[in-house]
Amino acid sequence: QRCVVLRFLKSPPNQNKTSEEILHHLQNIVDFGKHVMKQFFGENYVHHGEIIQLPLDFIRQLCLKIQPERPECRCDKDMDTLSGYAMCLPNLTRPQSHRLAEHRPMLCIEIKPKCGFIPFSSHVSQEIKHKVCRYCMHQHLKVANGKWKRPSKYCPLDLFSGNKQRMHFALKSLLHEAQNNLKIFKNGELIYGCKDDQDCVSDWNELARHLKPFFFPSNGLVSGPHCTRTIVKELIQVITMTLLSSTETCRAGDMKTVPGSQGRSYCEASAFNKELVRNGKHKLESSGLPRGCLLYKTLQAQMLDMLDIEGLYPLYSRVEQYLEEFPEERSTLQIDGPYNEAFYEKLLDLSTEDDGTVGFALTKVQQYRIAMTAKDCSIMIALSPCLQDECSEQRSVVLASKSRFTFSVSVLDLDLKPYESIPHQYKLDAEIVNYYLKNVQAKDDPVMSNLFKENEDCTLVLHKV
């Protein structure tokens, strides 16, 4: 009867946790959203939810009902049906700002923007990381490993640029190759986006058919390719406007701007950038993001990764060594929570001067975990058509050519990334970079490809100019 989302913990079949452990885990997720991520993103964008207890019989029936709907790749974990605990969250596929009549049509766009900056750390060992973003490099490894059929032209730096032309290009690229970075829901049902790793059919005509009543309600537009193009263009325009909007009335946290964040604002591998270079232009405009918008807040949280994984890993090793000697200190160091105000306060130390202490190392490790969480979060844009007289001053409204929408923007997938995943991140980073250098950059750059041929005699010829 209530339009809410229930979220249950999942775990591998042989790892049954006790009810107390599950309750503690869920409490940690709620506290982290409430006391930490709300400070970074602001009150209006984060919905931390609450823990509720449900009848076990209801949970078992629910589990049987949803099992056939779960993607095969997710079935290696079982849903918790024994503790009776779940998280209750608002359904973010509908606008949050006001209660709407149930019959009102809803449109929701979910975007996983990924990391929106190029590492600025001096610890980076490979120069390519200062030029090409992690997402663009990782695409090639994912295609080689069979995760996707072809690389996407989407580059997160274009979306985070604040430049409308670049943002439009990024969103269009996401619509072409959604992978798991874009989904569109109509009245809560998925109508566009990947159902699994390989199943990525971008049928724009089908999408336009769904969207037409939202953008051209009077049906005054002819059908055909022009119609599809126009509707997709309208959608991109509306998404851009909502992403640049600020619905934040209260001050978000005490975050200072991360030092060093004024680095390179474009990625050399971006298809948008390559097109500019091809046309003889070398200046990429970056208009910058409005400070109140969700993309700006997301980027600031991502930039807590100030040292890059290469600079962070030795500090992680320092903490690990300390824990080996003093295992009882793990709870004092708050590695597994509690995620309270004291935990948040420690994150505000943005110094990068290493004083050799475990305290410094731990702060950087915790900041890196926050950054990783922000790099993997999802943004939900919920839209609902409204008539001119309904759009009061209090509501957030966005205008399209022939229609207007009330909207809300929210952020989700904000579970803190595990402390234990840092060695995996370190290994993966090296893998991504090495694959890119050997298989992509070497082909793009004939000079580079020659460097990989070992023991070859070279003659340097100097010509008089």
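The text that follows walks through the structure, step by step, so that each part is easy to find. (Residues numbered from 1 in each chain as written. Predicted model: local features only at pLDDT ≥ 70, side-chain atom pairs only at ≥ 80, totals over all residues. Heavy atoms only, no water.)

**Observations regarding the pattern of salt bridges**
What counts here: Salt bridge, as used here: a side-chain nitrogen of Lys or Arg that lies within 4 Å of a carboxyl oxygen of Asp or Glu. Partly exposed residues are those whose accessible area sits between 20% and 50% of the maximum for their type, while under 20% is buried and over 50% is exposed, using a 1.4 Å probe and protein chains only. Secondary structure elements follow DSSP: runs of H or I of four or more residues count as helices, runs of E of two or more count as strands, with numbering from the N terminus.
One pass over the full model with this rule turns up 17 salt bridges. Notably, a salt bridge pairs R166 with D158, separated by 3.0 Å at the nearest N-O pair. Of the two residues examined, R166 and D158, each falls in the buried class. Ionic pairing is found between R318 and D354, a salt bridge with its closest N-O pair at 2.7 Å. You can see R318 sitting in helix α10 (residues 308–325) and its partner D354 sitting in the loop between α11 (341–346) and α12 (358–375), a full 36 residues away along the chain. A residue is classified by how much of its surface remains accessible, and R318, at 21% relative accessible area, is partly exposed. Beyond isolated ion pairs, a larger network of salt bridges with shared partners links K129, R134, D308, E310 and D429.

**Topic: helix α8 (residues 271–278)**
Where we set the bar: The directions considered for the arc are those from the helix axis to the C-beta atoms. For the purposes of these results, a polar contact is taken to be a pair of N or O atoms within 3.5 Å, where, inside protein, one atom must be able to donate a hydrogen and its partner to accept one; residues adjacent in sequence count only when each atom of the pair is a side-chain atom.
The complete set of buried residues in α8 reads F272, N273 and L276. The arc enclosing the buried residues of α8, seen along the axis, measures out at 95°, which places them on a common side. A distance of 3.1 Å separates the backbone nitrogen of F272 from a side-chain oxygen at the start of α8, and that oxygen is part of S270. Just past α8, the residue G280 takes up positive phi, approximately 80°.

**Considering helix α6 (residues 204–215)**
Regarding α6, the residues found buried are W204, L207, A208, H210, L211, K212, F214 and F215. Its side-chain oxygen placed 3.1 Å from the backbone nitrogen of N205, D203 serves as the N-cap of α6.

**Here's the deal with the environment of A361**
The condition that has to hold: Contact criterion: two residues are considered in contact whenever any of their non-hydrogen atoms come within 4.5 Å of each other.
For A361, the location among the structural elements is in helix α12. A sequence separation of 44 residues divides A361 from S317, and the C-alpha atoms of the two residues are 8.9 Å apart. The residues touching A361, leaving out its near neighbours within four places in the chain, are L315, R318 and V319.

**Details of the packing of helix α9 (residues 294–302) against α12**
The line we're drawing: Angles shown run from 0 to 180 degrees and are taken between the N-to-C directions of axes, each axis being a line fitted to C-alpha atoms and, for helices, limited to the stretch in contact. Note on residue classes: Ala, Val, Leu, Ile, Met, Phe, Trp, Tyr, Cys and Pro are nonpolar, Asp, Glu, Lys and Arg are charged, and everything else, Gly too, is polar.
Two elements in contact, α9 and α12, have axes separated by 7 Å at closest approach and are oriented at 145°. The residues of α12 that touch α9, namely those facing T298, A301 and Q302, are A371, A374 and K375. By residue class, the composition of the contact of α9 with α12 is three nonpolar, two polar and one charged.

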